Each structure stands twice: as structure tokens, then as C-alpha cells.
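Given next are the chains, with one letter for each unit.
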Amino acid sequence: MRKHVSFKLFLSVILLSLHANYLHQHVKALPLHTSSRWIVDENGTRVKLACVNWASHLETMVAEGLSKQPVDVISERIGIMGYNCVRFTWPLFLATNNSLSSLTVRKSLESLGLNESIAGIEVNNPCFLDYSLIQAFQAVVSSLANHKIMVILDNHISKPGWCCSSSDGNGFFGDKYFNPDLWIKGLSRMANMFVNTSHVVGMSLRNELRGPKQNISTWYRYMQEGAEAVHAANPNVIVILSGLEYDKDFSFIAKRPLNLTFSGKLVLEAHWYGFSDGIAWETGNSNEVSELDLDWALWTLVGSYYLREGVWGLDETYGLLNNDWGDTRSPNFSSRIKALQAPFQGPGLSRRRTYNVLFHPSTGLCVLRQSQVLLQTLKLGSCSKSEAWVYTTPQRILLKGTYYCIQAGKIGMPVTLGILCNGNKSQWKKISESGMHLSSKFGAMCMDVSSSNTIITSLCKCLEKDNKCDPGSQWFKIINSTRDLLGLDNIALPTSSDGRINLPSENVEFHNERKSMIM
């Protein structure tokens, strides 16, 4: 019996500068499945996929970087940087052409004149040179699994090479190198190959469908066949589908659900690029990653390539790692990406009620108190230490579980926590097209960040469309969260000599959850 299937969105994002510096949390209860909009483990607890792409689909058909660093060093570094998942790419012919897959790594590199890469692998991963290409692929997966990194196998292309263009013969079913029957055969082989590898948690059926032949009816026919083939060969993996137009169009799916024999395993993958979607990126859509708390995969881990588009040792400017794969390319991005690696909400994270986090997208930090006393200033800090806020209907931002709210000061002065929450200086309205400027009714002022990361108020800027104006310091996103925090048990309330809490005599608005802690 076939079932109409609900979906979870998997967002594959390309960023310009990338880095993180904290250990990821190991997922123990595999395999994964879907529950409503979430990806969850066997216990029903949300697992947020924070992935990075590792390319193995180019002409060599060898995972990039093995000439630069030992495979276990690369795998370990991925986890240290906070990623729990690798989207590992492969060309279809690796799984379907035995004469190619049986080539040794040495022979593959020799055939392309890559003697320098051979010398590098001899130093860093000598055993790989005599592996067949398919054995080398399996060995990288094994290394990732040994380091508790989840793996999504991504069929990136058919004929090994750089991807993608609309005329490369790899774009859509029926193209020169894209035989649908051969594709389904390759998917089945690859799924079955890793049926006993628990850390292979998903298969992405095809990267970036594109080109003049693409159409919706053919998409449904073969995507459904491919999904069924993968599930039959390996029922443990989640099955990830890409859309049309370079994986940017899923508009058709709402009108016509897929019709499959299985459920709880289907995920949709959408691609979104900083270089081609620059206008959307600059006007705030990049912050949907944090606001919607999506799963994501970053392009790319690769610091340099053996061979790309005819260039030996090409430097990858989008790479997470530098050219020699020994360090991160852009350390300044560490706090920004770290904030997106951990889930803000989802099943099983905690039993707390939903609260708000004040997220600052341009830094990847969150708003928290400077100290544990009230009537204090606020600052940016790690989102793992964020306060629990509540943005109320009267446009006040309350510290959950207390009487206290964020209040504006004079221009250039810090905002503070105060207890008189009825006045204009305690009201914060979302303004501008982005909806991320928080404007105080106390004056034409917006919440801002000083050079020392203290939260202040400044004259609102960049409210009109002006490409030369950078609104980043005044962008704050109010995000829903349920994850555990340190709580409010360390708040120092002002008390009298007999131990009672001192409250002002003026009218005070009490938040209706003031007696509860974060739930």
C-alpha cells in the first residue's frame, strides 16, 4: 500500500567564510527517521544535521585532501569543528562501471598526471595508493564512522568531473550521462554496500537536477523509483530528494505529494547560494537558517583539489579548510557557524516550554546579562549561555520567570534590565523590511551592539534600501527555543533587611509566567 508522505527540509547552504571550534555531540541511537518536520533518532530525540560537504566525485574519484593530511586527522578535525555529519559525494559511474571502480588510486592519479598528489598520499595515507577506488571510498566512510561522524552519501553527478552546468550531460533523466535505469542500479548498489554501517544515515539521490529536459512528471516518476530502490536496499537510511532548477524549486510538491510504500524516511533538500542569491542573502534571508532551525550542509570542506577543470592543485575559495588542509580558512567565522550547529528546538531536547532567544546574525552570538545582578547591562555571548526571553504582545522583551524587561537608555548608552515595564522605553517594535531592527518607542532608536559587544541603543540605520549601508549590528532575530539553559536560579533579586523582595510602588506589569522557571 502506498502512502502520501510528509517532509522535513534539509537545507544545503553555501557560505563564503566558514569555521567553528567546538566538539559535536555524538548521536548514539541510530538509525534516523523523520517525525513531523524533524529528523529524530531511535528514541524520538531531535538530531540536527550540521554537515559539511566532502567531494569525491571529480575525475580522480578519490576523496579530496588525502595528499595533504591523514584521513583520520581530517575526520577528527571535522568533529572538533562542531560538525556531526558529512555529505560525501560520489559519481554514479563509481558504482556502475567496474572497470573504473576497480582502478587503484595510484592508477587513477597516474592517468591524470597527478604525480605530486601520489607523492602526497604516499606520505599521508600510503595504504590508499593500492586500494581500488571503491575501497578508498569505503575507507573514508569507515574513518568518518570511527570518529562518530554521520555520513550522507550524495550522488553528485554521473560522469566524474566538476559540477554543474545545464549542458554537461549530467543534469536530468535522459541526458547523455544520466540513464535512469543505470542510476537506480547505482543507488541500490551504494545503499546496499553500507547497509551494515550505522553511521551512514542517509542517501541524497541526486545533486542539482537541471537543464532543458527537466519536467515535473519525469521528476515524480524517477524520484519515486529511486527512493523505493534505496529503501529496499537499505531501510535504515533517510532518503533525501532534490528539486528542480539546481535544487531551488520545490513549488510543485505542495500540490502533488509523493506516493511511496514507506514513510518516516523522506527528506527534501534545497540549495541556496551566497554567490547567486546575493540580493536575498543581503536582505536577511540568510537568517532563516537560524530562525527556522533547519538542518544544513555547508559547501565545502575542501581546501584544494587534486584536479579541477584542468587545473592541478586548485585552491577552493569556498573551502572550510585552507589549501594544505591543516587549518581553517576563515577563523573569524567561528562564532557565527557555531550558533547554527546546535538545535534550538525539537522533540526530546528538554521539557521546557518555548522561550525566545535574541540572536545576533552578524556575529552568531546571543543576548545575555553582563552579570548575575539586576538593573544591569546586557552583552553578546555564546548562544549556549543565552538567557530565556519572552517577546510579549505589548512588544516588551521580558526575562522569563521574572518581573524584569529590557529597557532603552539614551542614544549610545547601554540598554538595561528594569522593573518598570509600562513605559515607552520598555517597548521594542520590529521594523524595516527585514523585521530584524528592534526599535524603541522611547525615540528613533534601535537596539545595537557596541565595539565591546555591549547592547546599546543607537539611531536606527539602513531602514531604506541602500546597498552601501550595513545594518548588521542592528539586526536581532527573535528565535523560538526549548533547549536547556543554565536557568534563572542565579538571579539576584533586590531584597530588604527582612529578606523580602523589594518592588517599586508604581504600577508594575507582571508577566503571567513570573512564578515559573524556564519550562
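Source: prediction; values computed, not measured.

Rules and cut-offs
Residues numbered from 1 in each chain as written. Predicted model: local features only at pLDDT ≥ 70, side-chain atom pairs only at ≥ 80, totals over all residues. Heavy atoms only, no water. Core = buried A, V, L, I, M, F, W, Y, C linked by side-chain atoms within 4.5 Å. Buried < 20%, exposed > 50% of the residue type's maximum accessible area, 1.4 Å probe, protein only. Domains from an automatic or database assignment. Helix = DSSP H or I, 4+ residues; strand = E, 2+ residues; numbered from the N terminus. Polar contact = N/O pair within 3.5 Å; in protein donor to acceptor, adjacent residues only side chain to side chain. Contact = heavy atoms within 4.5 Å. Pairing = 2+ DSSP bridges. Axes fitted to C-alpha atoms, helices over the stretch in contact; angles between N-to-C directions. Parallel < 35°, antiparallel > 145°, perpendicular 65-115°, else oblique. Left-handed = near helix turned anticlockwise from the far one by under 90°. Nonpolar A, V, L, I, M, F, W, Y, C, P; charged D, E, K, R; others polar.

## A few points about the nonpolar core
Grouped together as the largest cluster of nonpolar side chains are 94 residues, with contacts concentrated most on Trp54 and Trp219. Mapping this core onto the domain boundaries places at least three of its residues in each of domain 1 (33-340) and domain 2 (355-484). Membership of the second largest hydrophobic core comes to 20 residues, among which are Val367, Ala408, Met445 and Phe476.

## A look at the side chain of Thr457
Tracing the chain through its elements places Thr457 in strand β25 (residues 455-459). One polar contact links the side chain of Thr457 to the main-chain carbonyl oxygen of Gly409, over a distance of 3.4 Å. The contact partners of Thr457, leaving out residues within four places of it in the chain, are Ala408, Gly409, Lys410, Ile411, Gly412, Met413, Val415, Trp428, Met445 and Cys446.

## Here's the deal with the pairing of strand β15 (residues 355-360)
When you tally the buried positions in β15, you get six out of six residues, the bulk of the element. Both faces of β15 are covered, namely the face carrying Tyr355, Val357 and Phe359 and the face carrying Asn356, Leu358 and His360. Of the pairings in the sheet, the one linking β15 to strand β16 (residues 365-369) comprises two bridges and is antiparallel in character. By the bridge assignment, His360 is partnered in β16 with Leu365. Connecting β15 to the antiparallel partner β16 that follows it, the hairpin turn spans four residues, and Gly364 within it adopts a positive phi of roughly 75°.

## Here we look at the packing of helix α1 (residues 71-80) against helix α6 (residues 133-146)
Following both chains from N to C, one finds α1 and α6 inclined at 45°, their axes separated by 9 Å at the closest point. Put simply, α1 runs oblique to α6. In this structure, α1 crosses over α6, and the sense of that crossing is right-handed. For the pair formed by α1 and α6, the contact residues are Val71, Asp72, Ser75 and Ile78 on the first element and Val140, Ser143 and Leu144 on the second. Partitioning the contact of α1 with α6 into residue classes produces four nonpolar, two polar and one charged.

## Things to note about the environment of Ser473
As for its position among the elements, Ser473 is in the loop between β25 and β26 (477-481). Apart from residues no more than four positions distant in its own chain, Ser473 is found in contact with His360, Ser362, Met447, Asp448, Val449 and Lys461. Separated by 2.8 Å, the side chains of Ser473 and Asp448 make a polar contact.

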